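So the chains spell out like this:
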Amino acid sequence: MTELLYLQDSYLKEFEATITGVEGRLVALDKTAFYPSGGGQPCDFGSLVGEYTYKVLSVKKISGQVVHEVDKEGLKAGDKIKGRIDWERRYKLMRAHTASHILSEVLFRAEGCLCTGNQLDIGTCREDISIQELNEEKARGFIAETNKIISKDLPIAAQFMPTEEALKIPQVCKLAKGLPPGLKELRIVSIGDFDIQADGGTHVKQTSEIGEIKYIGTENKGKNNRRLYFSL
Ligand SMILES: [Zn+2]
């Protein structure tokens, strides 16, 4: 199991770690601040620095272990490295992630709809929602409401909770498909007293860091499913 440093401190840009396994260009570490793709948040890029610098091209979580794909072979188990996150990219993704939680709650409060899928990006982000009709006017209204919440500069906090206890919180999961089964503990992310959601992603500390989000467009994704595009 890799220790996930980003869950404790999402602002960690550099860290030291020991390589626990290497397979070709795939490298596992005892701990990492690199976010592996998951929950709609793309993975981090950056570098692992040992004797030479290795670019990190992708990061995935495979049964509890975070695997870093680097640009060349040469690292070996037992090596000590310094990890560096491409912070500009990660920070944009953190801002987008917190924004998407606020948008989800705005949509839930207004229409009772759930999230059927989402993809964050450093450019355009999308949120798929279980709603029958979504015209431009309505969508722009949801974005405006999201910006109103952002401007309140609410603090964001995360804590682990036993799953049984966490599931007593109303609307702790806004995913239409529900939470993955078999989790003993859930990480709960709260945004002031506005929103609370089970989530394993990285978030900013205050909503003012997000700035404003912009309406980009909507798309019909079939019966009772609409896609809403936005950007930072
Ligand atoms: Zn999330």
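Enquirer: What should I look at first to understand the nonpolar core in this one?
Expert: Nonpolar side chains in soluble globular proteins tend to be buried together. In this structure, A99, I102, L103, V106, L107 and I129 are the most contacted members of the largest nonpolar core, which totals 27 residues. Of all elements in the fold, only α2 (87–111), β10 (124–129), α3 (136–150), β12 (185–191) and β15 (226–231) reach the threshold of two or more residues within this core. The element contributing the most residues to this core is α2, with 8 residues. The residues contacting V106, other than those within four sequence positions of it, are F142, E145, T146 and I149. Membership of the second largest hydrophobic core comes to 17 residues, among which are L29, Y35, Y54 and I85.

Enquirer: Help me understand the sheet that holds β12, please; the structure alone is not making it clear to me.
Expert: Hydrogen bonds between backbone atoms are what pair the strands of a sheet, whose relative direction is either parallel or antiparallel. Taken together, the 3 strands give an open sheet; going across it, the order is β11-β12-β13, and neighbouring strands pair in antiparallel fashion. Edge positions in the sheet fall to β11 (156–162) and β13 (195–198), since each of these pairs with one other strand and no more. The sheet shows a mean angle of 25° between the axes of neighbouring strands, taken without regard to direction. Two strands pair when backbone bridges link them, and β12 and β13 are joined in this way by 4 bridges, in the antiparallel orientation. The partner of I188 across the bridge, within β13, is A198.

Enquirer: Looking at this model, I keep getting lost on the environment of Y54. Mind explaining?
Expert: Secondary-structure assignment places Y54 in strand β6 (residues 53–62). Distance in space between the C-alpha atoms of Y54 and V70 is 5.8 Å, their sequence separation being 16 residues. For Y54, the contacting residues outside a window of four places in its chain are S47, L48, V70, D71, K72 and L75.

What counts, and where the lines are drawn
Residues numbered from 1 in each chain as written. Predicted model: local features only at pLDDT ≥ 70, side-chain atom pairs only at ≥ 80, totals over all residues. Core = buried A, V, L, I, M, F, W, Y, C linked by C-beta atoms within 7 Å. Buried ≥ 20, exposed ≤ 12 C-beta atoms within 10 Å, placed from the backbone. Helix = DSSP H or I, 4+ residues; strand = E, 2+ residues; numbered from the N terminus. Contact = placed C-beta atoms within 7 Å. Pairing = 2+ DSSP bridges. Axes fitted to C-alpha atoms, helices over the stretch in contact; angles between N-to-C directions.

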